[in-house]
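Spelled out, the chains give:
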Amino acid sequence: MTTLLIKNAHLLATLDDTRREIPDGGMFIRDNVIEQVGPTADLPETADSVYDMAGHVVLPGLINTHHHMYQSLTRAVPAAQDAELFGWLKTLYPLWARLTPEMIRISTLTAMTELLLSGCTTSSDHLYVFPNGCRLDDSIEAATEIGMRFHACRGSMSVGESKGGLPPDSLVENEPDILADTQRLIEDYHDADRHAMLRIAAAPCSPFSVSQGLMRDTGELARTYGVGLHTHLAENTNDLAYSREKFGMTPAEYVENLGWVGTDVWHAHCVQLDQPGIDLFARTGTGVAHCPCSNMRLASGIAPIRKMIDAGVTVGLGVDGCASNDGAHMLGEARQAMLLQRVGFGPAALSARQALELATRGGASVLGRDDIGSLAVGKSADFIAFNLNEVEFAGAHSDPLAAMVFCAPAKVDYSFINGKLIVENGRITRMDIPAILRRHNELAADLLRGEAA
Ligand code: ZN
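Quick summary incoming for the structure in this document.

The rules we used
- Throughout this document, residue positions are counted from 1 along each chain, in the order its sequence is written.
- For a predicted model such as this one, the threshold for reporting local features is a pLDDT of at least 70, and the threshold for listing and counting side-chain atom pairs is 80 or more; totals across whole chains, interfaces and linings nevertheless cover every residue.
- Each side-chain value is worked out from all heavy atoms of the structure, with water and hydrogens disregarded.
- Residues grouped as a nonpolar core are buried Ala, Val, Leu, Ile, Met, Phe, Trp, Tyr and Cys residues, joined through side-chain atoms within 4.5 Å.
- Buried, partly exposed and exposed residues are distinguished by accessible area as a fraction of the type maximum, computed with a 1.4 Å probe on protein chains only: under 20%, between the cut-offs, and over 50%, respectively.
- Working definition: helices are DSSP H or I runs of at least four residues, strands are E runs of at least two. Numbering for both runs from the N terminus.
- Two residues qualify as a contact provided that any one of their heavy atoms is within 4.5 Å of a heavy atom in the partner residue.
- A side-chain nitrogen of Lys or Arg and a carboxyl oxygen of Asp or Glu constitute a salt bridge if their distance falls within 4 Å.
- In summary, the pairing rule links any two rings of Phe, Tyr or Trp, Trp by its six-membered ring, whose centres are within 6.5 Å, and it sorts them by plane angle into stacked for under 30 degrees, edge-to-face for over 60 and tilted for everything else.
- Axis angles are defined between N-to-C directions and span 0 to 180 degrees, where every axis is a line fitted to C-alpha atoms and, for a helix, only to the segment in contact.
- Angles are sorted into four bins: roughly parallel if under 35 degrees, roughly antiparallel if over 145, roughly perpendicular if 65 to 115, and oblique for all others.
- The crossing is said to be left-handed when, going from far helix to near helix, the turn is anticlockwise and less than a right angle, and right-handed when the turn is clockwise.
- Ten residue types, Ala, Val, Leu, Ile, Met, Phe, Trp, Tyr, Cys and Pro, are classed as nonpolar, four, Asp, Glu, Lys and Arg, as charged, and the remainder, Gly among them, as polar.
- Because water is not among the atoms used, a metal site may look incomplete, as its donors are only the N, O and S atoms within 2.8 Å, or 3.2 Å for Na, K and Ca.
- Square planar and octahedral assignments, for four and six donors respectively, both demand that opposite donors be over 155 degrees apart and that all other angles lie between 65 and 115; tetrahedral needs four donors with all angles between 85 and 135 degrees, and anything else is irregular.
- Whenever a nitrogen or oxygen atom comes within 3.5 Å of another N or O atom, the pair is scored as a polar contact, on the condition that within protein one atom can donate a hydrogen and the other can accept it, and that pairs from neighbouring residues in sequence are kept only if both atoms are in side chains.
- To estimate how far a helix should extend, the number of its residues minus one is multiplied by 1.5 Å.

This brings us to the nonpolar core. By size, the foremost hydrophobic cluster in this structure holds 127 residues, and its most contacted members are W88, W96, L99 and F281. Take this core: its biggest share by element is nine residues, from helix 2 (residues 101-117). With residues up to four places along the chain from it excluded, the contact list for W88 reads Q71, A80, A83, W96, R297, L298, A323 and S324. Within the second largest apolar cluster, 18 residues are counted, among which are L12, M53, A385 and Y414.

This is the structure we're talking about:
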């Protein structure tokens, strides 16, 4: 048993059920679990490790509910800079067809580095291309190495161009193989216990790349094992038109028909979710991963998040893939969520505190977890600290918590995950990050030149 004392935080924002904000706050942690939260004066005076957080804002670790980490190899690709979703995908599929297992592992480490420094402590990743021997195991290995809490989504594509789908035939898999591999991953890796560092979810890619049969079979498999179900939905008007034309249904009708609603399901984007869809999601507890940067980058539109929250839909945030965000800054995503709702629905559409709630409590609910997303007794010890004396926050100390979202996205000074120190003084201490980035850039260049596979 080891103990950890966090003390003297300028402000400790718990995001707990009463949204307690504690000046001169701290926490006492035993192993990986929070045992006490409160003013420093009320906590034990010492522990095995003690961190003085004077001048810092301490928050629960941010939770990213949607990502494609491999895409950090194909950021800002010139030919895909100015296209909407379908054109963007068709430009990038041939590049992704050259991915190798090393590229998956290294790009996952790179994406996680960026996420960790931006305040994220739990991330999902949706990997749906498996060329050249790539496996979800490659991402899982990276998460374990770097120490991030991870929800690995076994994605899939089974309907290629010759069958009316969007991806090239070379990039789709056979449906029995997809189901067998999903089952293998759940059996090998999924940890259903409280404070789990690794969970698996089943995640066919999108309505325009998998069959309805695979959606149904994947859903059945996931529910047999009690793992989450994840996919893309209603991302833009072309996605909506595809659903109407191919299935004769709105995206919401499509997922309801397939049984893809419920508290174990979360859908990315939902920009074009209509009012009956919002009501359906609220009624069934179906989650939404809102990805504002990607939605702006691809001109997909403004997801009606204010309406969803008002209706009682569970909403979290996602940075989405690095090729449609070109960044993976979780605090930045919370800021963009606040700004974009205001563009769509007025200046009071989303407050800074509400944006932080989406990035913490919201994300935890979307991923089906009650052990993360807030700082309270019995929760996992996942927390971050930002230094108020950095230039980003100069002049904003009148409301240090709101400053986290109103000011330009800063990097964390400290990050702890499951009670372990991951970022110290703004650096990830357990890995040689410059070496990873050098290799990442070599591999990215190989991918663009077509030499890798
Ligand atoms: Zn996505």
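The structure having been displayed, the exposition proceeds.
For the rest of this paragraph, the subject is the pattern of salt bridges. Pairs may arise between side chains of opposite charge once their charged atoms sit close together. On inspection of all chains with the given rule, the structure shows 25 salt bridges. Between D264 and R223 there is a salt bridge whose closest N-O contact spans 2.9 Å. Here D264 is found in the loop between helix 7 (251-257) and strand 11 (265-269), whereas its partner R223 is found in helix 5 (residues 212-225), with 41 residues between them in sequence. When its relative accessible area of 27% is taken as the criterion, D264 is described as partly exposed. The network of salt bridges with common partners includes R135, D137, R154, E173, D181, R184 and D188.

Before going further, it helps to spend a moment on the packing of aromatic side chains. According to the stated counting rule, one finds 11 aromatic pairs in the structure shown. Consider the rings of Y70 and W96, whose centres lie 5.2 Å apart with planes at 90 degrees: the pair is edge-to-face. One end of the pair, Y70, is in the loop between strand 6 (62-64) and helix 1 (85-96); the other, W96, is in helix 1, with 26 residues separating them in the sequence. W96 shares its class with Y70; the two are buried. Taken together, the ring pairs connect Y70, W88, Y93, W96 and Y128 into an aromatic cluster.

Glancing now at the packing of helix 11 (residues 330-345) against helix 12 (residues 352-366). Viewed as axis vectors pointing N to C, helix 11 and helix 12 meet at an angle of 130 degrees, and their least axial separation amounts to 9 Å. Of the possible angle classes, the one that applies to helix 11 and helix 12 is oblique. Helix-helix and strand crossings are classified by hand; for helix 11 and helix 12 the assignment is right-handed. Residue-level inspection shows M330, L331, A334 and M338 of helix 11 in contact with helix 12, the latter providing A352, A355, L356 and A359. Split into classes, the residues belonging to the contact of helix 11 with helix 12 amount to eight nonpolar, no polar and no charged.

Turning next to unusual backbone geometry. Not every positive phi belongs to a glycine, and A299 is a case in point at roughly 55 degrees. Along the polypeptide, A299 turns up in the loop between helix 9 (292-297) and helix 10 (305-311). Positive phi, close to 55 degrees, is recorded for N418, a residue that is not glycine. With respect to the secondary-structure elements, N418 resides in the loop between strand 15 (414-417) and strand 16 (420-424). By relative accessible area, which is 13% here, N418 ends up buried.

Look at helix 4 (residues 175-189) against helix 5: their axes get within 11 Å of each other, and the N-to-C directions meet at 15 degrees. By the angle between their axes, helix 4 is roughly parallel relative to helix 5. Read as a crossing pair, helix 4 and helix 5 show a hand that is right-handed. Contact with helix 4, carried on its side by E175, I178, L179, T182, Q183, I186 and E187, involves L214, D217, T218, L221 and Y225 of helix 5 and no other residues of that element. Taken together, the residues that form the contact of helix 4 with helix 5 break down as six nonpolar, three polar and three charged.

Protein coordination at the zinc ion comes from H66 (NE2), H68 (NE2), H232 (NE2) and D320 (OD), with a distance range of 2.1 to 2.3 Å. Around the zinc ion, the four donor atoms are arranged such that angles at the metal cover 89 to 173 degrees; this shape is classified as irregular. Counting along the primary sequence, the residues that act as donors to the zinc ion give the motif H-x1-H-x163-H-x87-D. You'll find H66 and H68 in the same group, each marked buried.

The next point concerns the side chain of N387. Following the sequence through the fold, N387 ends up in strand 14 (residues 383-387). When its relative accessible area of 16% is taken as the criterion, N387 is described as buried. A polar contact of 2.9 Å, which involves the side chain of N387, links it to the backbone nitrogen of N389.

Now for helix 2. Its 17 residues give helix 2 an end-to-end C-alpha distance of 25 Å, which sits within 8% of 24 Å, the value for a rise of 1.5 Å per residue. The element helix 2 is extensively covered by neighbouring structure, given that 13 of its 17 residues are classed as buried. Note on helix 2: the residue one or two positions beyond its end, G119, has a positive phi of about 105 degrees.

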